[in-house]
Amino acid sequence: MITGKHYIAGKWVAGSETFTSEPAHGPAHDFSVGTPDHVNSAVEAAEEAFLTFGYTPAQVRADFLNAIADEIDARGDAITEIGTQETGLPEARLVGERGRTTGQLRLFAEHILKGDYLDRRHDVALPDRQPLPRPDIKMMQRPIGPVAVFGASNFPLAFSTAGGDTAAALAAGCPVVVKGHSAHPGTSDIVAQAIEAAVKSQGLHPGVFTLIQGGRRDVGQALVQHPLIKAVGFTGSLGGGRALFDLCAQRPEPIPFFGELGSVNPMFLLPNALGARGEALAQGWAGSLTMGAGQFCTNPGIAVVIEGADAEAFTKAAGAALEPIGAQTMLTDGIAEAYRSGRDKVAATAGVQSILTSTCDLRNATPYLFAVSGKEWLDNHVLGEEVFGPLGLIVTVKDFDEMLKIAKSLQGQLTCTIHMDDADTDAAKSLMPVLERKAGRVLANGFPTGVEVCDAMVHGGPYPASTNFGATSVGTLSIRRFLRPVSYQNIPDALLPVGYK
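Only a predicted model underlies this, so the values are computations on that prediction, with no experimental measurement involved.

S.K.: So what exactly am I meant to see when it comes to the sheet that holds strand 21 (residues 483-489) here?
M.R.: Strands belonging to one sheet form pairs held by backbone hydrogen bonds; the direction of such a pair is parallel or antiparallel. Spatial ordering of the open sheet is given by 5-6-21, a layout of three strands whose pairing is antiparallel. Both outer strands of the open sheet, strand 5 (121-123) and strand 21, are each paired with one neighbouring strand and no more. Taking the axes of each pair of neighbouring strands and ignoring which way they run, one obtains an average angle of 25° across the sheet. In this structure, strand 6 (residues 137-143) lies alongside strand 21, joined through seven bridges in antiparallel fashion. Pairing of Lys138 across the sheet is with Tyr488, part of strand 21.

This is the structure in structure tokens:
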């Protein structure tokens, strides 16, 4: 059953105001609107919880993460039902995303039990060293304190209430305060119930997790500026993320804002690969571009090709592959409207040619394909901005030197892709030093939609793809965002944190 309330300090709390959900289909529900007072109560409870949770053995936190995963799976049918209603995503997508979410939780449970994430170091004392003795110094990573997490619109499970940011923070020993996304409040409600059950079954402090629903901008502002919050995890738009990032920097005590803000994820199709399998690449791109109505932060919106017959054939094949794809339901009316606005902006840019046009309205999205020359791309920075949806842009350059200029002109990206054959190796070698400075993940002969959750994954990149290019929001390395190193000089073993040995 949906409570329609906030979950704060172990209690379900109503508010004086409510908002009504806007599902793609099925019944709407009323939910309490969050307030700064809710934020204050939640963060104070989180700080109190940190005094115990932050000092628990890894086994306690691993058991907690596994318990959350079990409780989510136990509510799987209910989560899928409300998730499909609220977002319009198909059942198979929600089932798969739930598996990814519970998989992340269990992966972090395994990860912290290994202990490598603590990066323990020890310089033994050298009392006889000249000219000065050296003290005994030990170092390890420690949790930073309460963390704020903002739910994402496009991943109601994997990047929201119990998603990657929450899993990483809890694994580190940091209590979490989640601001739920208003696009899927019912999904967040049921997932929070699962976490509540895990908190109780493990006997943890109830302030270890909070869900605050809805709320106006003052709720987000109050959360990131609360003096007891020590870091923020965010997945969303560039505008919203940048506003929160600035608020974090303006605090009396600035804190890190780990924002994943999206990108255009360009692909560079090198000549031999394009000539040998251009049609297959066009079909693969069309599938990746329209997957989930293009509502993935790694959606490959740009394809860069060198002019000639092979480029023309690729453009024709891409249009043919996209044309039969019908309208898809977008996550919210606002996202659908933003997609149409981005489409119009691209279409109105000088030098842009329409390859495939369609009609979409209300909460629907249909694919669009445009083409532009390399020179026009370089002259119009608006073409390098993300359009969140199934819109593709082919950039046709005169030669490889111009392709390299395109690469160098890019802003920070989550991904960059090279499509190549063996005969393209020298050209690819010239691209690699540029692309690895532009993106957190560089691919060869694949499509970037779909982010594997594993030790080696980096989901982040230079700004504006993310606000901290040294971090990732996916994979076990993401736990480092919520840890800080502490040195212990001549500290007796009895006083060292649990887990040092």
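S.K.: Whenever I open this one, helix 14 (residues 425-438) confuses me. Can you help?
M.R.: Spacing of three or four residues puts side chains on the same side of an α-helix, whose turn is 3.6 residues. If you check helix 14, its first and last C-alpha atoms are 20 Å apart, about what 14 residues at 1.5 Å a residue would give, namely 20 Å. When the local axis directions of helix 14 are compared, the greatest deviation, roughly 40°, occurs at Met432, which is followed within four positions by the proline Pro433. In this structure, the buried side of helix 14 is in contact with strand 12 (267-269), helix 13 (400-409), strand 19 (413-419) and strand 20 (439-444).

S.K.: Hey, could you run me through the layout of surface pockets in this one?
M.R.: One way to see where empty space is left: roll a probe the size of a water molecule over the atoms. If you add up the space inside the second largest pocket, you get close to 220 Å³. Of all the elements in the fold, those that place two or more residues in the lining of the second largest pocket are helix 3 (76-87) and helix 6 (185-202). For the lining of the second largest pocket, the element with the most residues is helix 3, which contributes four residues. Taken together, the residues that form the lining of the second largest pocket break down as six nonpolar, three polar and two charged.

S.K.: How do you make sense of the side chain of Thr235 when you look at a structure like this?
M.R.: Along the chain, Thr235 turns up in strand 10 (residues 231-235). Among the residues examined, Thr235 registers a relative accessible area of 9% and is labelled buried. Among all residues touching Thr235, those that are not within four sequence positions of it are Phe150, Gly151, Ala152, Phe159 and Glu260.

Analysis parameters
- Residues numbered from 1 in each chain as written.
- Predicted model: local features only at pLDDT ≥ 70, side-chain atom pairs only at ≥ 80, totals over all residues.
- Heavy atoms only, no water.
- Pairing = 2+ DSSP bridges.
- Helix = DSSP H or I, 4+ residues; strand = E, 2+ residues; numbered from the N terminus.
- Axes fitted to C-alpha atoms, helices over the stretch in contact; angles between N-to-C directions.
- Expected span 1.5 Å × (residues − 1).
- Bend = angle between axes of the 7 residues up to and from the residue.
- Contact = heavy atoms within 4.5 Å.
- 1 Å grid on protein atoms, 1.4 Å probe; cavity = no way out; pocket = protein on both sides within 12 Å on 5 of 7 lines; lining within 4 Å.
- Points joined across faces, edges and corners; volume = space filled by probe spheres on them.
- Nonpolar A, V, L, I, M, F, W, Y, C, P; charged D, E, K, R; others polar.
- Buried < 20%, exposed > 50% of the residue type's maximum accessible area, 1.4 Å probe, protein only.

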